[in-house]
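Analysis of the macromolecular model
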Amino acid sequence: MRIAIVTDSTAYLNREEYEQDNVYMVPLSVIFKNEVYKEEVDITSDDFFKMVRESEQLPTSSQPTVGELTTLYQELEKEYDAVISIHLSSRISGTFQNAYSVAKTMEGLNVYPYDSEMAGAGQAFLVKAAAKLARENHSVNEIIEQLDKIKKETAIYFVVDDLTNLIKGGRLSRVAGGVATALKIKPVLTFRGGEIIAYDKIRTKKKALKKIESLLEESVREMDYPIVATIVHAYCENEAEAFKEQMEDKFPDVRFTSSFLGPVVGVHTGEGAVGMSWTMDINRL
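Residues numbered from 1 in each chain as written. Predicted model: local features only at pLDDT ≥ 70, side-chain atom pairs only at ≥ 80, totals over all residues. Heavy atoms only, no water.

**Here we look at the overall build of the protein**
Counting its secondary structure elements, the protein contains 11 helices and 13 strands. Against the 2.2 N^0.38 benchmark of 19 Å for 285 residues, the protein shows a C-alpha radius of gyration of 18 Å, consistent with a compact globule. C-alpha extents for the protein along the principal axes are approximately 55 × 50 × 30 Å. In the protein, buried positions account for 52% of the 285 residues. Accessible surface computed for the protein: about 13,700 Å², of which carbon and sulfur atoms make up 46%. Of note, the protein has its 33 positive side-chain charges centred 7 Å away from the centre of its 44 negative side-chain charges. (Helix = DSSP H or I, 4+ residues; strand = E, 2+ residues; numbered from the N terminus. Rg over C-alpha atoms; globule rule 2.2 N^0.38 Å. Buried < 20%, exposed > 50% of the residue type's maximum accessible area, 1.4 Å probe, protein only. Areas by Shrake-Rupley, 256 points an atom, 1.4 Å probe, with all protein chains shown as cover. Lys, Arg positive; Asp, Glu negative; His and termini not counted. Charge placed at Lys NZ, Arg CZ, Asp CG, Glu CD.)

This is the structure:
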């Protein structure tokens, strides 16, 4: 069976990864001063954060339309028998629901929408694993079963400089966010059940990153398989690279990669967010 892997732009794969893994992407959009920009198509992360710096107006984000997903699936129908469509958490975006709605209308193509329950690097791990398994001619059921295992083992933690956008956008509860803002703390945030929650309350960003490091250390001790970890950042590459170098020195058996948070996730995290996600490294199993 010929299986295509689809994701959305919030996996933040680079162009080489899309081409190498033969993954198809549907972009989400940001709306800025009444202009709509498709993420990674019409606007880059650098351009987006520069625009935000120069404006007092906060942008918003929007999901791919039913029409955009339908068009992509219809194109894939010409070459593939099935599609596994992996998207950011359904608890923070309607992208998965739109994919699910379109899937039910496709007659010549079996589409299997999959809720990553995450975004960014955590979502990317699932996408790349699915692409690898599809290349190795695994069935749809086998791939989804493996995705469920990887998702269960995936950790994602991050810290933001300012919680305002997460609270205003409804991605973090006003109670948790309000307490953190009032106390001027830097909570370590994570995904649980597809929602963003405050995992721990930390006074400084440096200590918050140290907490994330300790969580990785705990996983390294407990996991009986190789680990891959990705450092992510929102327009603070130097800070993220320094963090990555520290992690590589401390955890030589972990394979580290780098990624970024683009406009759609950046709308909510703001500039300066840094985080890390890790899971089983299926390339070394």
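What follows picks up the thread again.
**Examining the environment of E117**
Looking at the element boundaries, E117 is found in the loop between β7 (110-115) and α5 (121-135). Taking C-alpha positions, E117 is 9.8 Å from I196, a pair spaced 79 residues apart along the chain. Leave out the neighbours within four places in its chain, and E117 touches H87, S89, K151, F191, G193 and G194. A distance of 3.3 Å separates a polar atom in the side chain of E117 from a polar atom in the side chain of K151. (Contact = heavy atoms within 4.5 Å. Polar contact = N/O pair within 3.5 Å; in protein donor to acceptor, adjacent residues only side chain to side chain.)

**Observations regarding the sheet that holds β7**
Strand order across the open sheet formed by 4 strands is β2-β1-β6-β7, with parallel pairing between neighbours. Of all the strands in the sheet, the pair left with one neighbour each is β2 (23-26) and β7. On average, each strand axis in the sheet is inclined to that of its neighbour by 25°, with strand direction left out of account. Here α5 sits on the sheet and contacts β1 (3-8), β2, β6 (82-87) and β7; the angle it forms with β1, its principal contact strand, is near 170°. Where helix α6 (residues 140-153) meets the sheet, its contacts fall on β1, β6 and β7, and the angle it forms with β7 comes to roughly 5°. (Pairing = 2+ DSSP bridges. Axes fitted to C-alpha atoms, helices over the stretch in contact; angles between N-to-C directions.)

**What about the packing of helix α3 (residues 66-76) against helix α4 (residues 95-103)?**
Orientation of α3 relative to α4, taken along the N-to-C sense of each, is 55°, at an axis distance of 9 Å. On the basis of their axis angle, the class for α3 and α4 is oblique. As for the relative orientation of α3 and α4, their crossing is right-handed in sense. Residues V66, L69, T70 and Y73 of α3 touch α4, and the partners they reach there are T95, N98, A99 and V102. Tallied by class, the residues present in the contact of α3 with α4 amount to 5 nonpolar, 3 polar and no charged. (Parallel < 35°, antiparallel > 145°, perpendicular 65-115°, else oblique. Left-handed = near helix turned anticlockwise from the far one by under 90°. Nonpolar A, V, L, I, M, F, W, Y, C, P; charged D, E, K, R; others polar.)

**Regarding helix α2 (residues 45-53)**
Among the residues making up α2, those that are buried are S45, F48 and F49. Down the axis, α2 shows its buried residues gathered within 90° of arc, on one side only. Where α2 is buried, its residues meet β3 (29-32) and α11 (263-269). (Arc of directions from axis to C-beta.)

**Details of the environment of E16**
On the secondary structure map, E16 appears in helix α1 (residues 15-21). Taking relative accessible area as the criterion, E16 reaches 53% and is therefore assigned exposed. Note: C-alpha distance between E16 and T95 (79 residues apart in sequence) is 24 Å.

**Description of unusual backbone geometry**
The backbone of N22 sits at a positive phi, close to 55°, despite the residue not being glycine. Looking at where N22 falls in the secondary structure, it is placed in the loop between α1 and β2. Under the relative-accessibility criterion, N22 is labelled partly exposed at 41%. Phi angles above zero are rare outside glycine, and E117 is one such case at about 60°. On the basis of relative accessibility, which here comes to 32%, the residue E117 falls in the partly exposed class.

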